[in-house]
Amino acid sequence: MGLAIIGSAAATGALKEIYDRMLARPLPPVYRPAHGGAPGIITAHSLDPALIPKVFGCASTLNGAGPLSWPERELVNTITSRLNQCLY
């Protein structure tokens, strides 16, 4: 049996708590999906829930400091993902 991605609506236990914390964080409107659940980048990490706080904690720290504006940081993130052949 393979691993399955679990969305925020179907999550239970520790994964639900992590989703709840992630959804409570301030996010630009562009990151809030129309379906009201967690953004795809967060949902993709449901395969390893213990990794979610580490990844997004690190990203928040790195993205919150420095001279770049939010759009400039997004451009750097996009180029980095593309170079790493990552869908996100």
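Residues numbered from 1 in each chain as written. Predicted model: local features only at pLDDT ≥ 70, side-chain atom pairs only at ≥ 80, totals over all residues. Heavy atoms only, no water.

Further remarks concern the confidence of the model for the chain. Model confidence for the chain is summarised by a mean pLDDT of 80, while 86% of its residues fall at 70 or above. Per-element averaging of pLDDT across the chain places helix H3 (residues 51-64) at the bottom with 69 and helix H1 (residues 13-24) at the top with 87. (pLDDT = per-residue confidence, 0-100. Helix = DSSP H or I, 4+ residues; strand = E, 2+ residues; numbered from the N terminus.)

A word on the environment of lysine 16. Note that lysine 16 resides in helix H1. On the accessibility criterion, lysine 16 (37% relative accessible area) is partly exposed. For the pair lysine 16 and isoleucine 6, spaced 10 residues apart in the sequence, the C-alpha separation amounts to 9.7 Å. (Buried < 20%, exposed > 50% of the residue type's maximum accessible area, 1.4 Å probe, protein only.)

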